[in-house]
Amino acid sequence: MKLTADQIAQLEEETVLFCQEMIQIPSVNYGEGKGDERLIAEYVAGKLSEVGIVAELIESAPNRVNVVAKIAGSDITRPGLVLHGHLDVVPADASDWSLDPFSGEIKDGFIWGRGAVDMKDMDAMLLASVRMWQRVGYKPPRNILLIFFADEEASGTYGSRWLVKNRPELFKGFTEAISEVGGFSVTITGDHRLYLIESAQKGIQWLKLSAKGTAGHGSFINTDNAVTKISNAVSRIGSYEWPQVPTKTNKLLFKKIADLTGDTFDPANFKNLLKHLGSAAKMIGATLTNTANPTMLEAGYKANVIPQSASAVVDGRFLPGHESELVETITKLAG
Ligand SMILES: [Zn+2]
């Protein structure tokens, strides 16, 4: 699709304006079923109908409203693509903010407000883009299913989950979906901006450890203390340095980072390149190894009573294909 300078300017103007206007419609999701996306859903459907796109408002529970629209593609031999956003936002306590969280104000060159980055920004981009398609008569190659979900911030009970369960026919013939996260930009050393694409996800292994010992009074000698045992196990697991697991995608990514920053590329150690990633290092660093973080501890009920048992929970994450290695290592570390 080729656009003139005027059309590009219009696309930008609409994106900014829609993002601001959507922030001004609160659509807060308080969890446990409490939320209201009606007004914002009507706003979105209105913007679509202005350019002749018919949208269906699907109410899954009172005022939990999803917006669905289909745009025909030019190549019917290809499977369809879902483009989706969510309309709800998490609550915002105005006293934590220097600006009204629902103002959508522009300051220092940024739009401010709850939802400005999650995800009324992308909702606005989607809306402005499909409106431009309609204006210039552009047909995307694939059929498009455009959805603005309710209730994403509280597990999707009245949004994506509800639609998949109650309206499966909507998704028939659509094989891929694009939405927030999965890909985002990161600025690395030298002011290079990388646009990352997620190629896979790590798996989850939540493990519960329990230790048994001999109960007794806190004033006596006790060499079989369950709390001591669980603490030692948790400490070994939490401080273990996981070895790098090379994958095809992280090899490509870190080669690129080395090239761009002029740093050394050592296939056996990508960790030395993480320093170039700024605040993204914590997250991208986790794609290099399995990880296991102790997250919960439970033991005892009184200061002077040694309990008979103690337990801990470990949040383990493994790279694709490395699940048994994770479990075996944790089991060994637990002792
Ligand atoms: Zn989001």
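Because the structure is predicted, anything quoted here is derived from the model rather than measured.

### Here's the deal with the domain arrangement of the protein
Okay, so step 1: Partitioning the protein into structural domains gives domain 1 (5–180) and domain 2 (201–334).
Okay, so step 2: Measuring from the centre of the C-alpha atoms in domain 1 to the corresponding centre in domain 2 gives 38 Å.

### Considerations on the nonpolar core
Note on soluble globular proteins: their nonpolar side chains tend to be buried together.
Okay, so step 1: Within the largest apolar cluster, 31 residues are counted, with the highest numbers of intra-cluster contacts made by Met-22, Val-44, Leu-48, Val-67, Leu-146 and Phe-148.
Okay, so step 2: Among the elements of the structure, helix 1 (5–23), helix 2 (38–49), strand 4 (64–71), strand 5 (80–86), helix 3 (120–136) and strand 8 (144–149) are those that each provide at least two residues to this core.
Okay, so step 3: Look past the residues within four positions of Val-44 in its chain and what remains in contact with it is Met-22, Val-67, Leu-87, Leu-127 and Phe-148.
Okay, so step 4: Counting residues in each nonpolar core, the second largest holds 16 residues, with Leu-207, Trp-242, Ala-310 and Leu-333 among its members.

### Remarks on the coordination of the zinc ion
Okay, so step 1: Protein-derived ligands of the zinc ion are His-86 (NE2), Asp-118 (OD), Glu-180 (OE) and Glu-180 (OE), with the metal-ligand distances lying across 1.8 to 2.2 Å.
Okay, so step 2: One way to put it: the 4 donor atoms around the zinc ion meet at angles of 58 to 145°, and that makes the site irregular.
Okay, so step 3: Expressed as a motif, the donor residue spacing for the zinc ion is H-x31-D-x61-E. Here the residue Asp-118 occupies a position in the loop between strand 7 (110–111) and helix 3, and Glu-180 occupies one in the loop between strand 9 (174–178) and strand 10 (185–188), the gap between them amounting to 62 residues.

### As for the sheet that holds strand 5
Okay, so step 1: Across the sheet, which stays open at both edges, the 5 strands sit in the order 3-4-8-5-9 with mixed pairing between neighbours. The strands lining the two open edges of the sheet, one partner per strand, are strand 3 (55–61) and strand 9. Within the sheet, the average angular offset between the axes of one strand and its neighbour, ignoring direction, is 25°.
Okay, so step 2: Here helix 2 sits on the sheet in contact with strand 3, strand 4 and strand 8, set at roughly 15° to strand 4.
Okay, so step 3: Against the sheet, helix 3 contacts strand 4, strand 5, strand 8 and strand 9, and its axis sits at roughly 135° relative to strand 5.

### Side note on the sheet that holds strand 16 (residues 309–318)
Okay, so step 1: Strand order across the open sheet formed by 3 strands is 12-16-14, with antiparallel pairing between neighbours. At either margin of the open sheet sits one strand with a lone partner, and together these are strand 12 (203–212) and strand 14 (291–299). Sheet twist, expressed as the average angle between the axes of neighbouring strands with direction ignored, equals 20°.
Okay, so step 2: Pairing between strand 12 and strand 16: 10 bridges, direction antiparallel. The residue bridging Lys-212 from the neighbouring strand is Ser-309, located in strand 16.

About the cut-offs
- Residues numbered from 1 in each chain as written.
- Predicted model: local features only at pLDDT ≥ 70, side-chain atom pairs only at ≥ 80, totals over all residues.
- Heavy atoms only, no water.
- Domains from an automatic or database assignment.
- Core = buried A, V, L, I, M, F, W, Y, C linked by side-chain atoms within 4.5 Å.
- Buried < 20%, exposed > 50% of the residue type's maximum accessible area, 1.4 Å probe, protein only.
- Helix = DSSP H or I, 4+ residues; strand = E, 2+ residues; numbered from the N terminus.
- Contact = heavy atoms within 4.5 Å.
- Donors = N, O, S within 2.8 Å, 3.2 Å for Na, K, Ca; no water.
- Tetrahedral: all angles 85-135°; square planar, octahedral: opposite > 155°, others 65-115°.
- Pairing = 2+ DSSP bridges.
- Axes fitted to C-alpha atoms, helices over the stretch in contact; angles between N-to-C directions.

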